[in-house]
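# An overview of the molecular structure
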Amino acid sequence: MTSLDATFAALADPTRRAILMRLARGDATVMSLAKPFKMSQPAISQHLKVLAEAGLVSTTVRGQERPRRLETAPLARAIDWIEKYRQMWEKRYQVLDGLLEELQAMKPKGDQKR
């Protein structure tokens, strides 16, 4: 699986997206990440494992704590990939808009609804 595939696979789950949203506000421990969810700490740990494997989350050691941190590089790569395709489709839509304008200009003026 490529890193881009791993990023999109990790982002496919709403719980993992919610965890990332929480980590966007700052580092957090597994316990604090688990609080808003109606699931066990091991279940949250499993989600964190998927996020870590995708490179979206890292762990630091602070004494007894092991807070998780959001890593944005994989998200930046996903945004770059999406933007490339957005630009391609935008160009195609512009071509279609131009063709539609040409077709509308070719329509005889007296030719209204029939």
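Everything below is about the structure shown above.
Every value quoted in this text rests on a predicted model; they were computed, and no experiment measured them. (Residues numbered from 1 in each chain as written. Predicted model: local features only at pLDDT ≥ 70, side-chain atom pairs only at ≥ 80, totals over all residues. Heavy atoms only, no water.)

Counting residues in each nonpolar core, the largest one holds 17 residues, and the members touching the most others are L48 and L51. Those elements giving two or more residues to this core turn out to be α1 (3-11), α2 (14-23), α3 (30-34) and α4 (41-53). Among residues more than four places away in sequence, those in contact with L51 are A10, R16, I19, L20, L56 and V57. (Core = buried A, V, L, I, M, F, W, Y, C linked by side-chain atoms within 4.5 Å. Buried < 20%, exposed > 50% of the residue type's maximum accessible area, 1.4 Å probe, protein only. Helix = DSSP H or I, 4+ residues; strand = E, 2+ residues; numbered from the N terminus. Contact = heavy atoms within 4.5 Å.)

A separate point is a nonpolar patch on the surface. Residues F8, W81, I82, Y85, W89, Y93, V95, L96 and L99 make up a contiguous nonpolar surface patch of roughly 880 Å² in combined accessible area. A total of 8 residues in the nonpolar patch trace back to one element, the largest contributor, which is helix α5 (residues 73-106). The topology assignment puts L99 in helix α5. (Patch = residues over 30% accessible without salt bridge, like charges linked within 9 Å, V, L, I, M, F, W, Y side chains within 5 Å. Areas by Shrake-Rupley, 256 points an atom, 1.4 Å probe, with all protein chains shown as cover. Salt bridge = Lys/Arg side-chain N within 4 Å of Asp/Glu carboxyl O.)

This brings us to the packing of α2 against α4. Look at α2 against α4: their axes get within 10 Å of each other, and the N-to-C directions meet at 80 degrees. One way to sum up the angle between α2 and α4 is to call them roughly perpendicular. Listed contacts from α4 to T15, R16, I19 and L20 of α2 are I44, H47, L48, V50 and L51. A per-class count over the contact of α2 with α4 returns 6 nonpolar, 2 polar and 1 charged. (Axes fitted to C-alpha atoms, helices over the stretch in contact; angles between N-to-C directions. Parallel < 35°, antiparallel > 145°, perpendicular 65-115°, else oblique. Nonpolar A, V, L, I, M, F, W, Y, C, P; charged D, E, K, R; others polar.)

Between two packed helices, both the angle of their axes relative to each other and the distance between the axes serve to describe the pair. Running from N to C, α1 and α5 cross one another at 100 degrees; their axes reach a closest spacing of 10 Å. Taken together, the axes of α1 and α5 lie roughly perpendicular to each other. For the pair formed by α1 and α5, the contact residues are S3, L4, T7, F8 and L11 on the first element and P74, L75, R77, A78, W81 and I82 on the second. Along the lines of polarity and charge, the residues of the contact of α1 with α5 split into 8 nonpolar, 2 polar and 1 charged.

The grouping of E90, D97, E101 and E102 at the surface amounts to a negative patch. Within the secondary structure, E102 sits in helix α5. (Lys, Arg positive; Asp, Glu negative; His and termini not counted. Charge placed at Lys NZ, Arg CZ, Asp CG, Glu CD.)

Structural measurements only, silent on function.
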